[in-house]
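Examination of the molecular architecture
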Amino acid sequence: DVVVNRIAAGEIIHRPANALKELIENSLDAHSTSIQISVKDGGLKLLQIQDNGHGVKVEDMGIVCERFTTSKLRTFDDLSSMSTYGFRGEALASISHVSHVTITSKIKDSNCAYNQEHQQNPSLVQETMALKYPYVNYSHVLRPDPCTEPLVNKRLTKVYFQLQAEDLFYNVPTRRKALKNPTEEYNRILDIVNRYAIHNAGVSFTCRKVGSNTPDVHTTTSSTVVDNIRQIYGSSVANELLSLKQSFPIYPLKINGWISNANYSVKKFAFLLFINHRSVDSPAIRKAIESVYATYLPKNTHPWVYLSLEMDPKNVDVNVHPTKREVHFMNEEEVIATICDAIQERLGDANV
Ligand code: ADP
Ligand code: MG
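The rules behind these values
Residues numbered from 1 in each chain as written. Chains lettered and ligands numbered in written order. Predicted model: local features only at pLDDT ≥ 70, side-chain atom pairs only at ≥ 80, totals over all residues. Helix = DSSP H or I, 4+ residues; strand = E, 2+ residues; numbered from the N terminus. Buried ≥ 20, exposed ≤ 12 C-beta atoms within 10 Å, placed from the backbone. Contact = placed C-beta atoms within 7 Å. Axes fitted to C-alpha atoms, helices over the stretch in contact; angles between N-to-C directions. Parallel < 35°, antiparallel > 145°, perpendicular 65-115°, else oblique. Nonpolar A, V, L, I, M, F, W, Y, C, P; charged D, E, K, R; others polar. Pairing = 2+ DSSP bridges. Arc of directions from axis to C-beta. Expected span 1.5 Å × (residues − 1). pLDDT = per-residue confidence, 0-100. Core = buried A, V, L, I, M, F, W, Y, C linked by C-beta atoms within 7 Å. Domains from an automatic or database assignment.

You'll find the protein chain entered in an unreviewed UniProt entry as DNA mismatch repair protein, with Mortierella polycephala given as the organism.

**Details of the environment of Pro16**
Of note, Pro16 is situated in helix H2 (residues 16-29). Residue Pro16 is classed as buried on the basis of its C-beta count, with 27 C-beta atoms lying within 10 Å. Here the alpha-carbon distance between Pro16 and Val172, two residues 156 residues apart in the chain, equals 13 Å. Residues contacting Pro16, with those up to four places away along its chain left out, are Gly42, Gly43, Leu44, Leu47, Leu168, Glu185 and Ile189.

**A closer look at the packing of helix H8 (residues 182-199) against helix H9 (residues 225-233)**
Their axes nearest at 8 Å, the elements H8 and H9 cross at an angle of 155°. On the basis of their axis angle, the class for H8 and H9 is roughly antiparallel. Listed contacts from H9 to Asn194, Ala197 and Ile198 of H8 are Val225, Asn228, Ile229 and Ile232. Taken together, the residues of the contact of H8 with H9 sort by class into 5 nonpolar, 2 polar and no charged.

**Details of the sheet that holds strand E11 (residues 270-275)**
The mixed open sheet is built from 5 strands, whose spatial order is E9-E10-E13-E11-E12. Either end of the sheet is taken by a strand with one partner, and the two such strands are strand E9 (241-248) and strand E12 (278-280). Between one strand axis and the next, the sheet turns by 20° as a mean value, whatever way the strands run. Note: E11 against strand E13 (residues 304-311), 6 bridges, orientation parallel. By the bridge assignment, Phe271 is partnered in E13 with Val305.

**Overview of the environment of Glu240**
Mapped onto the fold, Glu240 is located in the loop between helix H10 (235-238) and E9. Taking C-alpha positions, Glu240 is 5.6 Å from Ser260, a pair spaced 20 residues apart along the chain. Residues in contact with Glu240, not counting those within four places in the same chain, are Ser260, Asn261, Asn263 and Tyr264.

**Some thoughts on H9**
Every buried residue of H9 is listed here: Val225, Asn228, Ile229 and Ile232. The buried residues of H9 occupy an angular sector of 100° when projected down its axis, which confines them to one face. Each element contacted by the buried residues of H9 is listed here: H8, strand E8 (217-218), H10 and strand E10 (253-260). One or two steps after H9, the chain reaches Gly234, where phi turns positive at roughly 95°.

**Remarks on H8**
The end-to-end C-alpha separation of H8 is 26 Å, in line with the 26 Å expected for 18 residues at 1.5 Å each. Inspection of H8 places Glu185, Tyr186, Ile189, Ile192, Val193, Asn194, Tyr196, Ala197, Ile198 and His199 among the buried residues, and these make up the whole buried set.

**Quick notes on the environment of Asp341**
Tracing the sequence through the fold places Asp341 in helix H12 (residues 332-351). Residues Asp341 and Ser265, spaced 76 residues apart in sequence, show a C-alpha to C-alpha distance of 20 Å.

**A closer look at the confidence of the model for the protein chain**
Chain-level pLDDT for the protein chain is 82 on average; 74% of the residues reach the 70-or-more range. A low-confidence stretch, residues 121-142 (pLDDT under 50), is modelled with 21 contacts involving residues beyond four sequence positions or located in other chains.

**With respect to the nonpolar core**
Core analysis: the biggest nonpolar cluster contains 74 residues, and Ala19, Leu20, Ile95, Ile189 and Val193 have the highest contact counts within it. For this core, the leading source of residues is H8, giving 7 residues. Looking at which domains feed residues into this core, each of domain 1 (2-218) and domain 2 (235-351) supplies at least three. The residues touching Leu20, leaving out its near neighbours within four places in the chain, are Ile37, Gly43, Leu47, Ile189 and Ile192.

Structure representation (structure tokens):
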């Protein structure tokens, strides 16, 4: 059973950046306006997220890492009309199967923060953790302890949530071996943070390596989408943006975004796609957009495109495997044609 869980978890959480994406979505679901990320060794040693969202009640702390535990799914009908990111209740369970998870949280009506270590795999704890945490009693989950960490005491007046995942894949040697390069993993982490920071103007994001004083990403609650694009991708693209804003009640479909104009081109297509506020990929949309730009850009160069699509969740295939960022949706061809028309129109206008 433990082994099956670990394999399933390894499929959901492939690398530190996958885990972080889930954690960021949880923070956004909890209505956070500040999300701070700290990373050690590309997230393999430590992946830590702190937010100022509503937090977790002490009585729920023990179970949030159990499979299919979610506070976001009320009835079966909600499955087809969910509006939050989370619906599977699998992310924290998966992360806690392949790392050592500690959650610290304080909710609004409590004057104390609580700390909970999650350990789903007692036998392996014994092997690897006995020296590090001699007080661990190897039970399935540990009773929440009132938190005494100085870090948290400082924040006791605030609503607060922190999750630390340590030693990712310590119990999955093959995965661990496949992720030899912490720099590569850190770049993937930054890519995820950058995407979510741009899509969530109004939320402050920071991402730093542990021990570094200057964060590698730092957006503020007052910066706009374009401010964030400028900060992250530079003025060369920020100065050459066209806004995209259209809605089509028939599908229904809302298109929002910022796309580079015909003056801008790069070697590699930068494509930031969100569907219903989840960062996803769609090779079909990607390809179609590239061909629209092909008539405007020099050969073998590419645009910069940030696109946010909102559609009826009923029409989006949300049950796609979590590691596959690829999504599919109803009326895919028509919707893609609509998106391309909108982009074509914008590029055409700008070129006149
Ligand atoms: P899901 O997001 O699908 O509900 P997760 O495994 O990602 O499942 O999270 C399990 C539960 O843990 C959530 O439903 C939520 O109640 C709680 N949780 C996770 N992250 C946070 C957070 N940052 N703030 C508050 N609650 C959280
Ligand atoms: Mg989640």
